[in-house]
Amino acid sequence: MKFTLIICIILAESFFGEVGGQIPECTESDLHYTYTECDADKSRWRVYVPKSNTKCYVGSPKPPVQGPPCDKSCDAGRYLDVAGDQDCIDCPAGTYSVGNGVRYDQWDSLPKEFTVVSNGLRLSLKSLSKAQCEASVDTWVAQGPYLEGVPSDCNKDLSITTELITDGSLTIRYRNTLDMLGIVQVKSLCQSTAKSVLGDFEGITPLKKSKSSGFDITEIDMKPGKNKITFSLLGLNSAAPGNKFIIQSIEIKGMGFSTECTPCKPGFYSSIGSSHCTRCGANTYAPLSRSVSCKDCKEDEFSPPGAKECKPRPPCTESDYYASIAPCVNGTTYETYQWLDNKYCNDKHADSVILPKSGGSKECPSCNPGESLADDGTCEYCAEGQASDGSQPCESCPIGTEARKSKTFIHFDVMPSGLYPGCIKLADGGSFCDKQSTWVPKGDYIQVSDDIRALDFAVLNINNSHFANRTLDGRVYGKLVIRFNLTCDPADPCIFYLMQEDSVELRVVGSWNATTTTVYMHNFTSPDVKLISIAFRKSSKAANYLSSNTLSISELRLINTVSGGATECTPCVLGSSAAGEGCHSCAVGEIVVTNNVTNKKVCKKCPANYIAQDSFTCIPCGPGLVNNEDHTMCVSDCQFAYDGMKFDLSSLSG
C-alpha cells in the first residue's frame, strides 16, 4: 500500500500537464533525491523527484529505495548523504551542520522561517487601531551579529514553527539588560491547549534581566511533533532609549538528520566537518559564500571582523593614537605615544598625522581631589581623617570636622587609577574586554576611542563596595555627579547608558540617545550599590564601523563612599549618626573653640562647675551642684550652708 502510494505521487508529479501545453522532460539538474513523510511505523522511502518550483516530468523514474529510520540523526558537522549510501558523512569545507537540528546566528535579515505578527498588546498611551499596530515599526530588527528586540507602541511576537521527530531542545543565547521582560513560549501543536482568563500559558519560560556582561543561555526541552516557538517582549516603558532585548543565536535540536550542510556566508569560513562557521578576523575578508579560509587585505586597506571586502584605509588623525605618562620622578615625567590597538588608518597617507615622538620632560600632572602625590610618583588616596584638593599634600582634618570620602575624577592626563575601562563585544558573543585603549585621556576630559566600533559598547566602571552607613541628608546614602558631552548623528543612532549594580540586579538609571551636553546627578537611597557602569555604543548599524559619534566625560564624582579619599573637611553634623563614625571630635567634656592666634579649631576643657552640653557649648551647674570628673554631669558635693551654718555630708557622697 505504501509503495503504491509513493508511485502514485511520482506519477502525479511526472505527468500532470499545465494549462496550454505539456510539461518538458526533466534533465538531471532538475531532479534530486528526497524522502517521503514518515509513516506510522516511523519509516520512509527515498525518491528521485523534481526540485521544488521545477516543472518537468520524469521520463525514466528511478524506483523508490527504503530510507533510514525517521529517528536517525547525524552528529554536528555531519549530514546524511541521501544521494549516496544514505549514511552520515562530514560537511565539506565552507559549510557547517548542527547535526539533528538547525541554528540561527546570522542576522543580516530575518530568516524566512520566522514571522513577526502583532500580539495586540499596547505598550504606550497612544490610541492605535489594529491596522495601525500592524503597520507600526517592527519589534524585531536584524543587526547582522544578532537580532535586536525593541518594544514599540504595539508589540509584535517573533514566531517559528518546527517539527521534531525525537525529543529535542531549544537553546537561546540572549542578553536582556533593561527594565522589561522577555518570554519564550514553546507550544505543541499536536495537543490541546489549556487556557485561562488571562490567556494561553502553556510552555512559557521567562527570559529575565541579565545580571552580568555577556550572553545568558536558556535551554528548554521539546517534545516530538509540531511545535510553535514564540518570543514576546513585555516592556513597561517602550519609549525609553535602549529598551532592547538581544538574541545572539537560536538553536533547535530533535529535527532528525540534515540532508545537506549550510553554506558559510561571505565574511565567514569553515574547515571539513564543522559545526559552525568562523568569523574572519580584522583586516581579512571572505568575498564569497562557502569560503574555506579568509584572505588578507592589502597594506593600504582594512576590514572589520566578518568582512566580505576590504576598504581603503583613511588618513590617520589625532583620534587614532593615545598618550601614556610615565611614573613621576622628582616632580617630572614624560609621555609616550602609540597607535590604537585596532588601527584602521593609513599612517603613510599624505594627509595622515605623524605619531608624536615620545620623551621630553614635563611637570607631573595634578592628582584628582582626594589624592596626593606618593613617593613613587603615583597618586594615592588620602588616609583616614585626611583630605586634599589634589594639588596639595593630604592634611588631617581639624577638630569638629570630618573627612567624608568620595571618588572624584576631574583630571585626565592619564587614566585615573579608580576607573576601569573596557568593552563589551556583542558581535563576538558578548565577551568583555579589559582594555585601557577603549577610552583616551585628553587632559581635561576622557573620550571613547576609535578602538570601539559599531554595535560594541565602550564601558567605564567605578567599583564601590557600598556607601557609608551615615546618610547625606537622612535619606540619600550616596550621590553621582557626571558632566558629559554626547555627540549623536540623528541618521546614525548611538546610545549612552548609566547603570548601577547592587546585590540583586544591574539596572539603568539614565540613558541618552541624542546630542547632549549636561551635568547629571543621581541620588542613591540604598547603601548597597557595588558598581557604577557607563556604557556607550557608537552606532546601531553594523556596517557603520567608522561612526563619528562620540562620548566625552569631564567630571565624575561618587560621593559618600567607604573607599576613596576626602576632597575637603566638612563640619560634623550634630545629633546625627555621623558622631563616632567619621567626625574628628573632642574628648569627653571638651568643646571645640577657635584659637584666636592660629584661627584653627582646638579642643578645650569646660571650666569648673560647667559641663559640655554638646561639641560647642559649656553650660553652668546649678546652685549646690558641681561638675563630675569628666564634665559630663552636674552632681551634688554633699556640702551646703543654711541659716549661717555649714553642713558637710561629704562622707555620704555617692
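Residues numbered from 1 in each chain as written. Predicted model: local features only at pLDDT ≥ 70, side-chain atom pairs only at ≥ 80, totals over all residues. Heavy atoms only, no water.

**Overview of the layout of surface pockets**
(1) Moving on: Quantified by volume, the largest pocket comes out at close to 1,700 Å³.
(2) Moving on: Around the largest pocket, the lining is made up of 50 residues, and of these Gly-101, Met-255, Phe-257, Ser-258 and Thr-259 lie nearest the centre.
(3) Moving on: If you list the elements that add at least two residues to the lining of the largest pocket, you get strand E1 (31-35), strand E4 (78-80), strand E7 (101-104), strand E11 (154-164) and strand E20 (262-263).
(4) Moving on: Top contributing element to the lining of the largest pocket by residue count: E11, with five residues. (1 Å grid on protein atoms, 1.4 Å probe; cavity = no way out; pocket = protein on both sides within 12 Å on 5 of 7 lines; lining within 4 Å. Points joined across faces, edges and corners; volume = space filled by probe spheres on them. Helix = DSSP H or I, 4+ residues; strand = E, 2+ residues; numbered from the N terminus.)

**Overview of the nonpolar core**
(1) Moving on: With 32 residues, the main nonpolar core has Trp-439, Leu-486, Phe-496, Ile-534, Leu-551, Ile-553 and Leu-556 as its most contacted residues.
(2) Moving on: At the level of elements, strand E39 (446-448), strand E40 (457-463), strand E41 (478-487), strand E42 (495-501), strand E43 (506-512), strand E45 (531-537) and strand E46 (550-559) are the ones that each hand at least two residues to this core.
(3) Moving on: Those residues in contact with Leu-486 that sit more than four places away from it in its chain are Cys-494, Phe-496, Trp-512, Asn-513, Ala-514, Thr-515, Thr-516, Phe-536, Thr-550 and Leu-551.
(4) Moving on: Counting 23 residues, the second-largest nonpolar core is a separate cluster that includes Leu-147, Met-222, Phe-231 and Ile-247. (Core = buried A, V, L, I, M, F, W, Y, C linked by side-chain atoms within 4.5 Å. Buried < 20%, exposed > 50% of the residue type's maximum accessible area, 1.4 Å probe, protein only. Contact = heavy atoms within 4.5 Å.)

**Describing the state of the cysteines**
(1) Moving on: Following the criterion strictly, the structure yields 13 disulfides and no others.
(2) Moving on: Each sulfur of the disulfide joining Cys-621 and Cys-634 lies 2.0 Å from the other. Taking the sign of the torsion about the S-S bond as the criterion, the disulfide between Cys-621 and Cys-634, at about -85°, is left-handed. Placement of Cys-621 in the loop between strand E53 (618-620) and strand E54 (625-627) and of Cys-634 in strand E55 (residues 634-636) is noted, with a sequence separation of 13 residues between them.
(3) Moving on: Of the residues examined, Cys-634 reaches a relative accessible area of 25% and is grouped as partly exposed. (Disulfide = S-S within 2.5 Å.)

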